[in-house]
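Structure assessment
So the chains spell out like this:
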Amino acid sequence: MVANMKIEPQEVQMAGYQGLIPRLMVLTHYVQKHTLELLAEGGKYPKLSLAYEGFMTHLAERDHSPSELAAKLDISKQACNKTLRELENIGFIRREKNPDDSRSVILSPSELGLQLIQDGIEITNGIHQQFADALGGNQLEQFNTILEKVCQRLQIALPALNNLGDEAHSTPTRLNVLLPHLSIYLRQTLMTSLQAKGFTGLKSSFGQVLGMISREAQRIQYIASILGVSKQAVAAMAADLEESGYITRRTDPEDKRQIILQVNDAGKALLAAALASVKALEAEIASQLSEQEFKLLDSASNTLFAQVANSYSDTNVLRSKIEQLSEMILAELGTTGANALAQHLLQITRGK
């Protein structure tokens, strides 16, 4: 059993569909988010965000210009530059003049950034070892081989593993390289498919919020806690979604300080179209493999997905509710009142 795994609803709640592609995206998101949580636990990297993962992954492979990163991450130059400023202010990256073009700059990891990448690789490799324990080493090796074949058939550019480590540092596992690159390709392909179907104003981040509210309305604060991003980031995505006409925002009748997001008719049509695109892409992947290979890929991803699903418990929801309630108490009682309440709760629950 992989400890503390949980379903990330932005992928799996799309009309209740749990096919191959959503399962692969769930696994990718879990590995990235859980790695981030473990990196932050020791206090060495207190200002981490899941938004940084793609930037640092690409910079671990080679130096990039800001425009190259924006293109690879499929985000606007403005959004890219905002995150780059954050990474530079924290000290994870450095920028230098491009020796080939004095009008542009080249970005590379700083010493702290390189250490972050190395620590992340070691943690991620540990998570993948848990995957090996769940599948068995032989089946995981077959899973990796088939994923690599899929990437090759879909013409997904992969970095050479020996370029990502050396004798003094850990080298990422094959799965550590294959899953995120495949996931990025799948997201971008689905985005292109939806745009071709006439859905406008889409951004790669929309799927995170839409998936969370595909079945029922949710608070911004709850969505942020599940996705591992700030409330401000979710609020910004929600504003874009509302402007594009796919969701509605309303005040929570139970707490006027909370905002609830809900999919409208246009959003439901988008989700239905996304589901059709996902199934078409799965059919394309199946056509690139033998029947036996696809069955193994489907079975192995389902086994790992089951590990995730079985670990998704009320504990995660409880943690989110505690965080929400804590903020309400602080706003209502202030620091002194909240401390008094905490002491009272300790007194009345001691020994129970």
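All figures in this text were calculated on a predicted structure; none of them were measured in a lab.

Along the backbone of the chain there are 14 helices and five strands. In the chain, which comprises 352 residues, the share counted as buried stands at 43%. Taking the contacts inside the chain whose residues are at least 6 apart along the sequence as the reference set, 68% of them involve residues at least 24 apart. Of the roughly 18000 Å² of accessible surface on the chain, a fraction of 51% belongs to carbon and sulfur atoms.

Let us now look at unusual backbone geometry. Excluding glycine, residues mostly have negative phi values, and the peptide bonds linking residues are mostly trans. For Q155, which is not a glycine, the phi torsion comes out positive at approximately 60 degrees. Q155 sits in the exposed class, given a relative accessible area of 74%.

This part takes up the pairing of strand β5 (residues 255-263). Judged from the two bridges that link them, strand β3 (residues 218-219) and β5 form a sheet pairing that is antiparallel. Bridged to Q218 within β5 is L261. The loop that links strand β4 (residues 247-252) with its antiparallel partner β5 comprises two residues.

This brings us to the side chain of Q221. Tracing the chain through its elements places Q221 in helix α10 (residues 220-227). A relative accessible area of 8% places Q221 in the buried class. Polar side-chain contacts of Q221 include one of 2.9 Å to the side chain of Q258.

Right, let's talk about the packing of aromatic side chains for a bit. What the rule picks out here adds up to one aromatic pair. Here Y45 and F92 contribute two aromatic rings whose centre-to-centre distance is 6.2 Å and whose plane-to-plane angle is 55 degrees, an arrangement assigned as tilted. Of this pair, Y45 sits in the loop between α2 (20-41) and α3 (53-61) while F92 is found in the loop between α5 (77-90) and β1 (93-98), placing the two residues 47 residues apart along the sequence. The buried category is assigned to Y45, whose relative accessible area is 2%.

The three strands are arranged β3-β5-β4 in an open sheet whose pairing can be described as antiparallel. The open sheet has two free edges, formed respectively by β3 and β4, since each of these has just one partner strand. Looking at chain direction, β4 and β5 are connected through six bridges and run antiparallel. Bridging across to β5, I247 finds its partner in V263.

Now for the pattern of salt bridges. Overall, the coordinates contain 14 salt bridges when judged by the stated rule. Put simply, K33 and E37 hold a salt bridge, and the shortest N to O gap is 3.6 Å. Remark: E37 and K33 occur in helix α2; sequence separation between them is four residues, near one turn of the helix. Among the residues examined, K33 registers a relative accessible area of 5% and is labelled buried. On the basis of relative accessibility, which here comes to 34%, the residue E37 falls in the partly exposed class. E88 is paired through a salt bridge with R95; the nearest N and O atoms lie 3.0 Å apart. For E88, a relative accessible area of 31% corresponds to the partly exposed category. Counted as one network, the salt bridges with shared partners bring together E141, E148 and R174.

Structurally, T83 is set in helix α5. Leaving out residues up to four positions away in the same chain, T83 has contacts with A51, Y52 and F55.

In this section: α10. Of all eight residues in α10, seven are buried, a share of seventy percent or more. Residues of α10 that are buried: I220, Q221, Y222, I223, A224, I226 and L227.

Attention now moves to the nonpolar core. The biggest cluster of nonpolar side chains holds 36 residues, and the ones touching the most others in it are F143, L147, V150, L182, I285 and L297. Counting residues per element, the ones that place at least two in this core are α2, α6 (111-135), α7 (137-153), α8 (174-196), α12 (265-287) and α13 (291-311). When residues of this core are assigned to their parent elements, the largest contribution, eight residues, is made by α2. Excluding residues within four positions of it along the chain, I285 makes contact with L20, I21, V150, L154, L186, F294 and L297.

As a further point, take the confidence of the model for the chain. Confidence in the prediction of the chain, expressed as mean pLDDT, is 80, and 82% of residues score 70 or more. Segment residues 1-16: pLDDT under 50, and 65 contacts once partners within four positions in sequence are set aside and those in other chains are kept. Across residues 162-168, confidence stays below pLDDT 50; counting only partners more than four residues off in sequence or on other chains, it has ten contacts.

The next subject is the packing of α10 against helix α11 (residues 231-244). Contact geometry for α10 and α11: axes closest at 8 Å, N-to-C directions at 115 degrees. If you check the angle between α10 and α11, you find them roughly perpendicular. Remark: the crossing between α10 and α11 carries right-handed chirality. Along the contact surface, α10 presents I220, Q221, I223 and A224, while α11 presents K231, V234 and A235. Its residues assigned to classes, the contact of α10 with α11 comprises five nonpolar, one polar and one charged.

What counts, and at which threshold
- Residues numbered from 1 in each chain as written.
- Predicted model: local features only at pLDDT ≥ 70, side-chain atom pairs only at ≥ 80, totals over all residues.
- Heavy atoms only, no water.
- Helix = DSSP H or I, 4+ residues; strand = E, 2+ residues; numbered from the N terminus.
- Buried < 20%, exposed > 50% of the residue type's maximum accessible area, 1.4 Å probe, protein only.
- Contact = heavy atoms within 4.5 Å.
- Areas by Shrake-Rupley, 256 points an atom, 1.4 Å probe, with all protein chains shown as cover.
- Pairing = 2+ DSSP bridges.
- Polar contact = N/O pair within 3.5 Å; in protein donor to acceptor, adjacent residues only side chain to side chain.
- Phe/Tyr/Trp six-rings, centres within 6.5 Å; stacked < 30°, edge-to-face > 60°.
- Salt bridge = Lys/Arg side-chain N within 4 Å of Asp/Glu carboxyl O.
- Core = buried A, V, L, I, M, F, W, Y, C linked by side-chain atoms within 4.5 Å.
- pLDDT = per-residue confidence, 0-100.
- Axes fitted to C-alpha atoms, helices over the stretch in contact; angles between N-to-C directions.
- Parallel < 35°, antiparallel > 145°, perpendicular 65-115°, else oblique.
- Left-handed = near helix turned anticlockwise from the far one by under 90°.
- Nonpolar A, V, L, I, M, F, W, Y, C, P; charged D, E, K, R; others polar.

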